[in-house]
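So you can see what is in the structure, the chains are spelled out below.
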Amino acid sequence: MQKMIMIPKEQYEKMLETYDKAMEELEALRREIINLRPAEETKENSLPGATGQANQRFK
């Protein structure tokens, strides 16, 4: 048996708006991280099985 909780429409819309803003912020931060990484690190991390700087310790 499933139970339901009813919330006011305004509260639901505010919840969705907050969620959308959080997702936009996360996407912007992801783009910033990608742009700040040096080109070599980005290439190394794109290789299958590579784990970035941790992988360099064992070379």
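Placed above this text is the structure.
Report follows, based on the coordinates. Since the model is a prediction, treat every value here as computed from it, not as a measurement. Throughout, residues of each chain are indexed from 1 in the direction in which the sequence is written. Whole-chain, interface and lining totals are the exception, using all residues; otherwise, since this is a predicted model, local features are given only for residues with pLDDT of at least 70 and side-chain atom pairs are given and counted only at 80 or more. Heavy atoms throughout the structure, all of them, feed into the side-chain values; hydrogens and water do not.

## Examining the pattern of salt bridges
Line of reasoning, step 1. Any carboxyl oxygen of Asp or Glu that lies within 4 Å of a side-chain nitrogen of Lys or Arg is treated as forming a salt bridge with it. Under the defined criterion, the tally for this structure stands at four salt bridges.
Line of reasoning, step 2. Here glutamate 13 makes a salt bridge to lysine 9, at a shortest N to O gap of 4.0 Å. A residue pair is termed a helical-turn pair when its members lie 3 or 4 positions apart in one helix, as glutamate 13 and lysine 9 do in helix α1 (residues 9–36) at four residues.
Line of reasoning, step 3. Arginine 31 is the partner of glutamate 27 in a salt bridge, and the nearest nitrogen-oxygen pair spans 3.9 Å. In this pair, glutamate 27 and arginine 31 both sit in helix α1, four residues apart, roughly one turn of the helix. Numbering of helices and strands runs from the N terminus; a helix is a DSSP stretch of H or I covering at least four residues, while a strand is a stretch of E covering at least two.

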